[in-house]
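Fold and geometry: a report
Listed here are the chains, written in short residue letters.
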Amino acid sequence: MTQRSKFGALAQAVKDQAATASRGLPAAGADVERAAGRSDSRTPNAVGLHKPAVALGALAEGLRERVTRLEAELAQAAGRNTDLERALGQARSAATKAGDAVDEFVFLDPSQIRDELPRDRLPGAFSGDEFEDLLADIRENGQNDAITVRRSENGLSFEVAAGRRRLEACRRLDRPVLARVRGLDDPAMLRVQFSENERREDISALERARWFAAVRAKLALPSKDVAAQFGLDPSTLSLYLRLARFPDEIVGRLREPRRLSVLRARRVMEALEADAQALRRIVDAIDAHARAAEGRGTTPDPEEQVEVLVRAAEGRAGDRPGIRAALPERRHVVHRGRRVGTLTRNGGQWVFRFATSVGEDVVQALADRIGDLVEEVERASQRPS
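Residues numbered from 1 in each chain as written. Predicted model: local features only at pLDDT ≥ 70, side-chain atom pairs only at ≥ 80, totals over all residues. Heavy atoms only, no water.

Tallying secondary structure elements over the protein chain gives 15 helices and nine strands in all. For the protein chain, buried positions account for 39% of its 385 residues. The contacts of the protein chain with a sequence gap of at least 6 include a subset with a gap of at least 24, amounting to 66%. Of the roughly 21,700 Å² that the protein chain leaves accessible, carbon and sulfur atoms contribute 50%. (Helix = DSSP H or I, 4+ residues; strand = E, 2+ residues; numbered from the N terminus. Buried < 20%, exposed > 50% of the residue type's maximum accessible area, 1.4 Å probe, protein only. Contact = heavy atoms within 4.5 Å. Areas by Shrake-Rupley, 256 points an atom, 1.4 Å probe, with all protein chains shown as cover.)

So this is what it looks like as C-alpha cells:
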C-alpha cells in the first residue's frame, strides 16, 4: 500500500469511527489500527506513521484533517468568524509548506511529548524578552514551524527531537503543538537535534559544549567517533568538551550566557585551569558589578557582564588603556519602557528584528526614514568638534 493510499484508508477509518460513535455503536478501533499499520516507528523507513485522533484518545489531529474540519466549521458559521478564518489560514499555510509530507504532520497535546535527549538549552532559554516574543508571536500568528517528534515505544506518547522552545511556548499557551512525526532511531534523533542547532542563530558556546558532552556520555563512544558522526574536527570537539566543564557558579550569574563566545569562554577556562583563585575572583567581580547596577536602579548589562568576567578571569582590574571596548553583538532597543526590537550582529552584517508588538505601519514609517537618518548621522560625524 502506498503512503498516500495508506493515509486515505486511515482517514476513512476516522470518518467511519466518528459515524459509528454518533450512532451509539461500538467503536471500530481495530479497523483504525489496521488502517494506520503496526510498523515500529524506530525503523528509519517508518516515516510519518501516526495514529488518528480516535486511536490516540483525541490527543492528535492530522494537519489535513484540521484543514477539512475548519473549512466545514467556517461554512456552517453564521456570518464572518475571524478566529476560524485565522486558524484556517494558519493550517492551510502549514499544509502548503509541508507539501507531499503533509500526512506526517499532526497537532499534539504538549503534555504527551517527552524530552529524552541531551539538553541543548541553558535554563534561561525559556524566559526573558526573546522567549516572550516567541510566546506573543505564536499567540497572535500561530506556530509557523513544526517541531519534530517520534513515537515512544509504548505508542501512547511522543519524544521531541527538535523544537523545544516552540513546544514549551505551546505548553504555556495551552494550545496543541504542530509536530512532524518521523520514524527515527536514537542516532537519527541526535542528528536531527544537531541539525536544528546548527541553524539556530542564538545557540551559545556553552549550550553546544554541554550538549556534546551529554551526547558522548549517551553514545558511550570515543571522542573521535563522536566527532566523525557530526562532521567535526576532533580538536573542535575536544574544545567543546573542555568548555562543558564551565562552572555553574558563573553561568548562573550571567543574565545572557549566550553572549559568551567560544573564544572568550576558552580564555576563561584557561584562567580557571591555571589559577585556583580565578573562580572566586570572577564571582566576586560579577557580584560587585551587579550591586553597582542595582545601586543605579538598573540591571546589569549582559555585554558588560561578559567583559567583567573576562577581565576578572585574566586578573585585569579595569580596561587596558587605549583599547576600545568591543561593541555588543546584541542590543535591545527600548523606547519609553517598551521594547521596539533587537539589533544582532550576524557575521559581517547587523540585523534588526522588530518586536511583534510593533505594527506594520510603524515598521514601514521607520524604513522610510532610514535614509534620512543615515545622512543626518554622517553629517554630524563630519562636523568639527
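Looking now at the confidence of the model for the protein chain. Mean pLDDT over the protein chain stands at 76; residues scoring 70 or higher make up 77%. Every residue in residues 1–58 is under pLDDT 50, and counting partners more than four places away or in other chains gives 85 contacts. (pLDDT = per-residue confidence, 0-100.)

A separate point is a nonpolar patch on the surface. Taken together, the side chains of F352, F354, V362 and L366 present a nonpolar region at the surface, about 280 Å² in accessible area. Only β9 (349–354) and α15 (360–382) provide two or more residues apiece to the nonpolar patch. With respect to the element layout, V362 can be found in helix α15. (Patch = residues over 30% accessible without salt bridge, like charges linked within 9 Å, V, L, I, M, F, W, Y side chains within 5 Å. Salt bridge = Lys/Arg side-chain N within 4 Å of Asp/Glu carboxyl O.)

Moving on: the packing of aromatic side chains. Each pair of aromatic rings is reported with the distance of its centres and the angle of its planes. Counted under the stated rule, the structure contains eight aromatic pairs. When the ring of F194 is compared with that of F230, the centres are 5.0 Å apart and the planes differ by 55°; the resulting orientation is tilted. With F194 in helix α7 (residues 186–199) and F230 in the loop between α9 (223–229) and α10 (234–243), this pair connects stretches of sequence that are 36 residues apart. Of the residues examined, F230 reaches a relative accessible area of 7% and is grouped as buried. Linked through ring pairs, F194, W211, F212, F230 and Y240 together constitute an aromatic cluster. One residue, R66, lies across the ring of F107, its end atom 3.6 Å from the ring centre. (Phe/Tyr/Trp six-rings, centres within 6.5 Å; stacked < 30°, edge-to-face > 60°. Lys NZ or Arg CZ within 6 Å of the ring centre and 35° of its normal.)

Within the secondary structure, R166 sits in helix α6 (residues 164–173). Judged by its relative accessible area of 17%, R166 falls in the buried class. Excluding residues within four positions of it along the chain, R166 makes contact with L134, I138, D145, A146, I147 and E196.

Inspection of every chain in the model, using the stated rule, returns one cavity of 30 Å³ or more. D120, F194, N197, E198, I203, E207, R208 and W211 are the residues that line the largest cavity. Of all the secondary-structure elements, those providing two or more residues to the lining of the largest cavity are α7 and α8 (205–219). Looking at the lining of the largest cavity residue by residue, the class counts come to three nonpolar, one polar and four charged. (1 Å grid on protein atoms, 1.4 Å probe; cavity = no way out; pocket = protein on both sides within 12 Å on 5 of 7 lines; lining within 4 Å. Points joined across faces, edges and corners; volume = space filled by probe spheres on them. Nonpolar A, V, L, I, M, F, W, Y, C, P; charged D, E, K, R; others polar.)

Taken together, the buried positions of α10 are L237, L239, Y240, L241 and L243. Taken together, the buried residues of α10 touch α8, α9 and α12 (262–274).

It is worth spelling out the nonpolar core at this point. F212, F230, F246, I250, V268, I282 and L309 are the most contacted members of the largest nonpolar core, which has 41 residues in total. A per-element tally of this core places α8 first, with six residues. In this structure, L309 is in contact with F246, I250, L254, L260, V268, I282 and I286, ignoring residues within four places of it in sequence. In this structure, L134, I138, V149 and V181 belong to the second largest nonpolar core, which totals 18 residues. (Core = buried A, V, L, I, M, F, W, Y, C linked by side-chain atoms within 4.5 Å.)

Once that is clear, we can look at the packing of α12 against helix α14 (residues 302–313). Running from amino to carboxyl end, α12 crosses α14 at an angle of 35°, the nearest separation of the two axes being 9 Å. The hand of the α12/α14 crossing is left-handed. Packed against α12, whose contacting residues are R264, R267, V268 and A271, the element α14 presents E303, V306, E307, L309, V310 and A313 at the interface. By residue class, the composition of the contact of α12 with α14 is six nonpolar, no polar and four charged. (Axes fitted to C-alpha atoms, helices over the stretch in contact; angles between N-to-C directions. Left-handed = near helix turned anticlockwise from the far one by under 90°.)

Strand order across the open sheet formed by six strands is β1-β2-β6-β4-β5-β3, with mixed pairing between neighbours. The open sheet has two edge strands, β1 (60–62) and β3 (113–114), and neither has a second partner. Looking at chain direction, β1 and strand β2 (residues 105–108) are connected through three bridges and run antiparallel. Bridge assignment links A60 to a residue of β2, and that residue is L108. (Pairing = 2+ DSSP bridges.)

Before going further, it helps to examine the packing of α7 against α8. Here α7 crosses α8 at 170°, and the two axes come no closer than 12 Å. In terms of their interaxial angle, α7 and α8 are classed as roughly antiparallel. Between α7 and α8, the residues in contact are L190, Q193, F194 and E198 and R208, W211, F212, V215 and L219, respectively. Taken together, the residues of the contact of α7 with α8 sort by class into six nonpolar, one polar and two charged. (Parallel < 35°, antiparallel > 145°, perpendicular 65-115°, else oblique.)

Before going further, it helps to examine the pattern of salt bridges. Between side chains of opposite charge, pairing is possible as soon as their charged atoms come close. Summed over the entire model, instances satisfying the criterion amount to 28 salt bridges. Two residues, R66 and E61, come together in a salt bridge whose shortest N-O distance is 3.1 Å. Residues R66 and E61 agree in their burial class; the two are buried. A salt bridge links R86 to D83; its shortest N-O distance comes to 3.3 Å. Highlighted residues: R86 and D83, both in helix α4 (residues 82–98), separated by three residues, approximately one helical turn. Residue classification places D83 among the exposed residues on the basis of a relative accessible area of 54%. The network of salt bridges with shared partners includes R114, E116, R150, E159 and D186.

On to unusual backbone geometry, then. Positive phi is not limited to glycine here, since D174 has a value of about 55°. With respect to the helices and strands, the residue D174 is situated in the loop between α6 and β6 (177–181).

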